[in-house]
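# Structural characterization, general
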Amino acid sequence: FDSWFAPDTGAATTESIPTIAPATLDAREISAWFGDHKVLDRVSLTMPAGRVTALIGPSGCGKSTFLRTLNRMHELVPSASLAGEVLLDDVDIYDASRRITEARRQIGMVFQKPNPFPAMSIADNVLAGLALTGIKLDKGAKTDLVEETLTKAGLWNEVKDRLRQAGGGLSGGQQQRLCIARSLAVRPRVLLMDEPCSALDPTSTRRIEQTITELAQDVTVVIVTHNMQQAQRVSDRCAFFLAEAGTPGAIVEHGPTEAMFGSPQDARTADYVNGRF
Ligand code: ADP
Ligand code: MG
């Protein structure tokens, strides 16, 4: 399976995908339920353009659910419901006139377990999202896009001589960087990452952290992490989520990463960032 190198069918209508700037994502009073189980209670958070925001907190406090509401991914769960607003540079992504596919193109997502299409070539994995955008590139533009996005994802040098090989043959860390490239290829304005390193070894983790740091010029990053050192290394801002005894998840405190770790205002934040629970 290697359609990138196969002749194109139909005319290419675009020479390249326009570059777009990172956007500010503004969540306002987000509450979320699964059935009648409320798991988020009026969570408000601004994730500034071109910055890395880390979501931290114990398991089950709603970090993944919150992340998914930011690109309407939670709608894949039939029992899920939501109140509140998510604004992407002041445009409400839940506005009924907006297409869900457009929200997901502008707001990409990378998951804990790397999930490239294993039998598909490395190059075709990078280009896999284009079909959803309706953008048709000619072969030269595709070649450029593959190189550009693999470079941004920090993978180009390792794979440039084997772009036709299957994505599934890469190491775990390389597969995760391939997934990052696949997300970047459609030029998202925000990249959501749900514990992108927890399935990886320390060396691969550091490679991904380096990539995240470099990415922030092109895309706003929101990352869920359990690793407090990682939050300190990669993020500009942090939000601490907590679901206390039977209550839905909420943000206890948020702010610049240095302040969250250096002078937390809430005793629960201090306990958490210092590993006391
Ligand atoms: P975190 O990512 O912080 O560990 P989650 O967002 O995964 O937390 O989960 C928050 C709460 O929502 C938990 O109580 C969890 O059991 C519940 N939950 C998550 N996903 C679903 C689902 N698909 N259906 C029902 N409940 C869910
Ligand atoms: Mg989670």
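Fair warning: this is a prediction, and the values are worked out from it, not measured in the lab.

Turning next to helix α5 (residues 139–152). The terminal C-alpha atoms of α5, which comprises 14 residues, lie 20 Å apart, in line with the 20 Å expected from a rise of 1.5 Å per residue. All of the buried residues in α5 are Lys 142, Leu 145, Val 146, Thr 149, Leu 150 and Lys 152. Seen from one end, α5 has its buried residues packed into an arc of 155°, which puts them on one side. On the buried face of α5, the contacting elements are α3 (122–127), α6 (156–159), α7 (172–184) and α8 (202–215). Positioned one or two residues after α5, Gly 154 has a phi angle of 75°, which is positive.

Here we come to the environment of Gly 262. Relative to the elements of secondary structure, Gly 262 occurs in helix α10 (residues 257–262). Taking the number of C-beta atoms within 10 Å as the measure of exposure, Gly 262 has 10 and is therefore exposed.

Time to look at α7. For the α-helix, the turn length of 3.6 residues means that residues three or four positions removed from each other point alike. For α7, built from 13 residues, the straight-helix expectation of 18 Å at 1.5 Å per residue is met to within 8% by its first-to-last C-alpha distance of 18 Å. Among the 13 residues of α7, twelve are classified as buried, and the element is accordingly described as predominantly covered. Residues of α7 that are buried: Gly 173, Gln 174, Gln 175, Gln 176, Arg 177, Leu 178, Cys 179, Ile 180, Ala 181, Arg 182, Ser 183 and Leu 184. Against the buried residues of α7 lie β6 (107–110), α3, α5, α6, β7 (190–194) and α8.

You will see that Glu 29, though not glycine, has its phi angle at about 50°, which is positive. Following the sequence through the fold, Glu 29 ends up in strand β1 (residues 25–34). By the C-beta count within 10 Å, which is 12 here, Glu 29 ends up exposed. A positive phi angle, near 75°, is found at Asp 90, a position not held by glycine. Tracing the sequence through the fold places Asp 90 in the loop between β4 (80–88) and β5 (91–92). For Asp 90, a count of 8 C-beta atoms within 10 Å puts it in the exposed group.

The immediate surroundings of ligand 1 are formed by Phe 34, Val 39, Ser 59, Gly 60, Cys 61, Gly 62, Lys 63, Ser 64, Thr 65 and Val 77. Of all the elements, helix α1 (residues 63–69) adds the most residues to the shell around ligand 1, at three residues. Here the residues of the shell around ligand 1 sort into four nonpolar, five polar and one charged.

Reading the values: rules and limits
- Residues numbered from 1 in each chain as written.
- Chains lettered and ligands numbered in written order.
- Predicted model: local features only at pLDDT ≥ 70, side-chain atom pairs only at ≥ 80, totals over all residues.
- Helix = DSSP H or I, 4+ residues; strand = E, 2+ residues; numbered from the N terminus.
- Expected span 1.5 Å × (residues − 1).
- Buried ≥ 20, exposed ≤ 12 C-beta atoms within 10 Å, placed from the backbone.
- Arc of directions from axis to C-beta.
- Contact = placed C-beta atoms within 7 Å.
- Near = placed C-beta within 6 Å.
- Nonpolar A, V, L, I, M, F, W, Y, C, P; charged D, E, K, R; others polar.

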